[in-house]
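Survey of secondary and tertiary structure
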Amino acid sequence: MKAKLADGRIVVAKIAGEVADPRGAPGTEASMLQALAEDGWPVPDVLHVDDHLLLLEFVPNDGQRNAVTEQQAATLLAARHAIEKPAFGFTQDTLIAGLPQANLRSADWIPFFAEHRLLAMARQAQVAQQLSGSAVQRIEILAGRLDRWLLEPEHPSLIHGDLWGGNVLFHEGRVASFIDPACYWAHAEVELAFTTLFQTFDEAFYRRYAELRPIPDGFYEERRDLYNLYPLLVHVRLFGGAYRSSVEATLNRFGV
């Protein structure tokens, strides 16, 4: 929420609940924002953080997008994805859309994505009675076959992790800020795939990104849908409904 300080500054205040999951504590978001800032990304400055309160710089957002802002976003994303990180995972566990996201460090991407993303979220959805046991079994089979389609990257990259349109702020013809991250070190393709699921960017973004970081063959044809199974499972866990049919369609497509 927006708040006004005694000196007249407008800030964004985030208050932790009394029984907040420690992964969602103010310090976790502050750490993620600071990690993104270290890689040169425009994010809100962290003005204050303690166990109960996070104060962030208020960033204006006029929502005005055009080919220039799309290309700028691509340049920022490609530059960050080019920076090598030490492992897959992160410095701490985090949340995505309020759901637990484990970030145990791993030297290998495909097993990390299978266990800590697909299987972990499928099991969360099953416990919440949003996904059937048979569907979870099918996801387990798919997870065991991912190396048929997925590639190990040259190196882990820091991703924002929840890069839908509402988490990108535009102002006065530029990308003003990225907000509300769910960071971890990953294959950069998982982030690129996520942006296509909810149409975060338009064609100018993808053209510019590919100029800076060529995308290996098979991404749009196969790997994108496998990576987007994770955010679809997040939405199944949260909302059920039509998202279950989207998960089923992916499973059908890959023969499980």
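Residues numbered from 1 in each chain as written. Predicted model: local features only at pLDDT ≥ 70, side-chain atom pairs only at ≥ 80, totals over all residues. Heavy atoms only, no water.

**Re the pairing of strand 9 (residues 174-178)**
In terms of residue burial, strand 9 counts as a mostly covered element, since 4 of its 5 residues are buried. Alignment of strand 8 (residues 168-171) against strand 9, held across 4 bridges, turns out to be antiparallel. Looking at the pairing, Leu169 lines up with Ser177 of strand 9. (Buried < 20%, exposed > 50% of the residue type's maximum accessible area, 1.4 Å probe, protein only. Helix = DSSP H or I, 4+ residues; strand = E, 2+ residues; numbered from the N terminus. Pairing = 2+ DSSP bridges.)

**Focus on the side chain of Lys85**
Structurally, the position occupied by Lys85 is in the loop between helix 2 (67-81) and strand 5 (94-96). Note on Lys85: relative accessible area 17%, which makes it buried. Excluding residues that lie within four positions of it along the chain, Lys85 makes contacts with Asp39, His155, Pro156, Ser157, Leu158 and Trp185. (Contact = heavy atoms within 4.5 Å.)

**Notes on the environment of Leu33**
Topologically, Leu33 is positioned in helix 1 (residues 26-38). Leu33 sits in the buried class, given a relative accessible area of 2%. Remark: the alpha-carbon pair of Leu33 and Pro181, spanning 148 residues in sequence, is separated by 7.2 Å. Excluding its chain neighbours within four sequence positions, the residues that come into contact with Leu33 are Val43, Pro44, Val46, Leu56, Phe178 and Pro181.

**Looking at unusual backbone geometry**
Phi at Ala97 takes a positive value of approximately 55°, unusual for a residue other than glycine. Examined against the element boundaries, Ala97 turns out to sit in the loop between strand 5 and strand 6 (99-101). Unlike most non-glycine residues, Glu172 shows phi in positive territory, near 55°. When you line up the elements, Glu172 lands in the loop between strand 8 and strand 9. Among the residues examined, Glu172 registers a relative accessible area of 65% and is labelled exposed.

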